[in-house]
Amino acid sequence: MASSKRVKPLSPADSAYIAGVIDGEGTVTLCRKHRNENHQVAVSISNTDYDLLKYVLDTVGAGKITRKRIQKSHHTPSYVYAVYNRQALQLLAQIVPYLKTYKAQRTRLLLDHYLVLTPRNGKYSKDLQTRRDVFVQQILAITHRV
């Protein structure tokens, strides 16, 4: 598991490859880990190929891989690579030129507005909380169904 606080600089080839994996098998979203928390940036990739996810983890230098629960005995073991918050933003900043799906639009909005609407101390004025709530809805409204 990577212990670095910063994402490693990626080569153009690695950036493009990881962007392709995220476009195909991944998610760029805002999620809540707990019900009463604010939404946070999440980039994840679900796959049955552990070696692929290990490559992403080693190349990026941040995030973690978890094993998904197997629902039925005949299902293949599955894994999820995930990176959150500022590390996710650092990764997205490097791969955004290579994203081709609706995830590119989500990524650009996140990179442009997330840090401005998210104070480090977690204290929101009423106006900032309202603006952030609208932002969260904008992000979540961008889907492949558009």
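Anything mentioned here points back to the structure above.
Quick caveat, the model's predicted, so the values are computed rather than measured. (Residues numbered from 1 in each chain as written. Predicted model: local features only at pLDDT ≥ 70, side-chain atom pairs only at ≥ 80, totals over all residues. Heavy atoms only, no water.)

(A) Seen up close, helix α5 (residues 126-141). The end-to-end C-alpha separation of α5 is 23 Å, in line with the 22 Å expected for 16 residues at 1.5 Å each. Regarding α5, the residues found buried are Leu-128, Arg-132, Phe-135, Val-136 and Ile-139. For α5, the angular spread of buried residues about the axis comes to 105°, placing them on one side. Among the exposed residues of α5, those pointing more than 90 degrees away from its buried face are Lys-126, Gln-137 and Ala-141. On its buried face, α5 is in contact with β1 (26-31) and α4 (102-113). (Helix = DSSP H or I, 4+ residues; strand = E, 2+ residues; numbered from the N terminus. Expected span 1.5 Å × (residues − 1). Buried < 20%, exposed > 50% of the residue type's maximum accessible area, 1.4 Å probe, protein only. Arc of directions from axis to C-beta. Contact = heavy atoms within 4.5 Å.)

(B) Quick peek at the pattern of salt bridges. All told, the structure shown has two salt bridges when counted by the stated rule. As a salt-bridge pair, Asp-58 and Lys-54 come within 2.9 Å of each other at their nearest N and O atoms. Of the two residues, Asp-58 and Lys-54 both sit in helix α2 (residues 50-60), four residues apart, roughly one turn of that helix. Across the pair Arg-131 and Asp-127 runs a salt bridge, and its minimum N-O distance is 3.6 Å. One end of the pair, Arg-131, and the other, Asp-127, are both in helix α5, four residues apart, so they sit about a helical turn from each other. Given the relative accessible area of 40%, Arg-131 is considered partly exposed. (Salt bridge = Lys/Arg side-chain N within 4 Å of Asp/Glu carboxyl O.)

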